[in-house]
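Here are the chains, one letter per residue:
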Amino acid sequence: MSPSAVYFDNAATTRVDPHVVDTMLPYFTSDYGNAASRAHIFGWAAEAAVTDARRAIAALIGADEREIVFTSGATESNNLALKGVMEAYADRGDHLVTVATEHPSIADTATALQRAGKRVTTLGVDRSGLVDLNALRDAISGRTVLVSVMAANNETGVLQNLDAIGTICRERHVLFHTDATQAAGKVPLDIELLHVDLMSLSAHKIYGPKGVGALFVRREPRVRVAAQMDGGGHERGMRSGTLNVPGIVGFGAACAICAESLAAESQSVAALRDRLEAALMEACPRSFVNGDAKNRVPGITNIAFPGADGGQLLKQLTERGITVSSGSACSSTSLEPSRVLRALGLSEADARSSLRLSLGRFNTAAEVDFVAAAVIDIVRSSARGTAS
Ligand SMILES: *Cc1c(COP(=O)(O)O)cnc(C)c1O
């Protein structure tokens, strides 16, 4: 193992699986047709490849291939879901319900909708990061169109109870969207069992390429989404623009690998995470795991090291060639403590002392031991520093 490249930031993005790359390559140089070209063999080959990918992506979540709308990633899928649904159902109501720990691509979209005159309720979470189902029930009114609750949180890995939330949405006749970017391919997800109407996905969080994602849009009963981009009417009118054929092929291959290896991989990645947590908890007695330790995706742990400074931890780990993320939302330069950890009720100091370590398919036990030793060393010396 080369200590100069230990990557524990798989929640930010993942290495593309070599098999995914191999599958994509022909679609750059030989089968480079436009999937919308209906009149010739180049177009047909591209369209056939896109259809195969659509099937693989739909299969991962129990959907039909005709329910998959390709986008440039989960950020676009989230924008399309929220803006597209609120626009399409403007005659039914103007109210959106979402949660305080959502990814910025949901939170900022909700803010934009509010500025445009929609009403938004942002539900809080408890210390474990979970939404209170009674608060959700109370928030839904006759004017509510859509509830959007993420499947797994990108900072803590905490899994919401989608089944219960979906059931409430069904009972109250409101649509249910989930940002499943961190959960898909890591835990089993089925849009029927969970009563989901719209689901956002991204390829690059599951060992696929960057710049391609999808929005699942339920067909029965049919969910309407107003296009947010005008053009050639691709993707059944919901998302115009020439399809990213190599990216889509890679996304499909990535989903197929996840579907096949999910059971074994979720166990092996969880075992690595548990080994890391056990080592850190034992050596740093004041440390604790942020969020519900049971309902989590396998690869993410978020740990507070009270008394330590997360920014300093991050900097010193970087100097040792270890890549992790601070609790601060997506930005190690931001001085703001993580909005997500603050929503869980952490003090500003504890939020600032927190690190997100996210593991994946390509990490090893040797790397876990190397990272654990480094974190312990840095936390201990910073504790000595504050004591003196
Ligand atoms: C990464 C991420 C996104 C954004 O996905 P992109 O494909 O990078 O736009 C959205 N939601 C969650 C939960 C994420 O982790």
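Since we're looking at a predicted model, the values are computed, not measured. (Residues numbered from 1 in each chain as written. Predicted model: local features only at pLDDT ≥ 70, side-chain atom pairs only at ≥ 80, totals over all residues. Heavy atoms only, no water.)

Novice: In this structure, what is going on with a nonpolar patch on the surface? I would like to understand it.
Specialist: Together, Y32, I41, F42 and W44 make up an exposed nonpolar region whose accessible area comes to about 470 Å². Within the secondary structure layout, F42 lies in helix α3 (residues 41–60). Among the residues examined, F42 registers a relative accessible area of 35% and is labelled partly exposed. (Patch = residues over 30% accessible without salt bridge, like charges linked within 9 Å, V, L, I, M, F, W, Y side chains within 5 Å. Areas by Shrake-Rupley, 256 points an atom, 1.4 Å probe, with all protein chains shown as cover. Salt bridge = Lys/Arg side-chain N within 4 Å of Asp/Glu carboxyl O. Helix = DSSP H or I, 4+ residues; strand = E, 2+ residues; numbered from the N terminus. Buried < 20%, exposed > 50% of the residue type's maximum accessible area, 1.4 Å probe, protein only.)

Novice: Teacher, can you tell me more about the environment of L243 here?
Specialist: Secondary-structure assignment places L243 in the loop between β8 (213–217) and α8 (245–283). L243 sits in the buried class, given a relative accessible area of 15%. It is 38 Å that separates the C-alpha atoms of L243 and S141, two residues lying 102 residues apart in sequence. Among residues more than four places away in sequence, those in contact with L243 are A35, V50, R54, F70, E235 and I248. (Contact = heavy atoms within 4.5 Å.)

Novice: Any chance you could explain the nonpolar core here in plain terms?
Specialist: Looking at soluble globular proteins, one finds that nonpolar side chains tend to be buried together. Core analysis: the largest hydrophobic core is formed by 67 residues, its most contacted members being I61, F70, L136, V147, L189, M199 and F251. If you tally residues by element for this core, the top one is α8, at 9 residues. If we skip the residues at most four places from it in the chain, F70 touches V50, R54, I57, G213, A214, E235, R239, L243, I248 and F251. By size, the runner-up hydrophobic cluster in this structure holds 27 residues, among which are A308, V368, V371 and A374. (Core = buried A, V, L, I, M, F, W, Y, C linked by side-chain atoms within 4.5 Å.)

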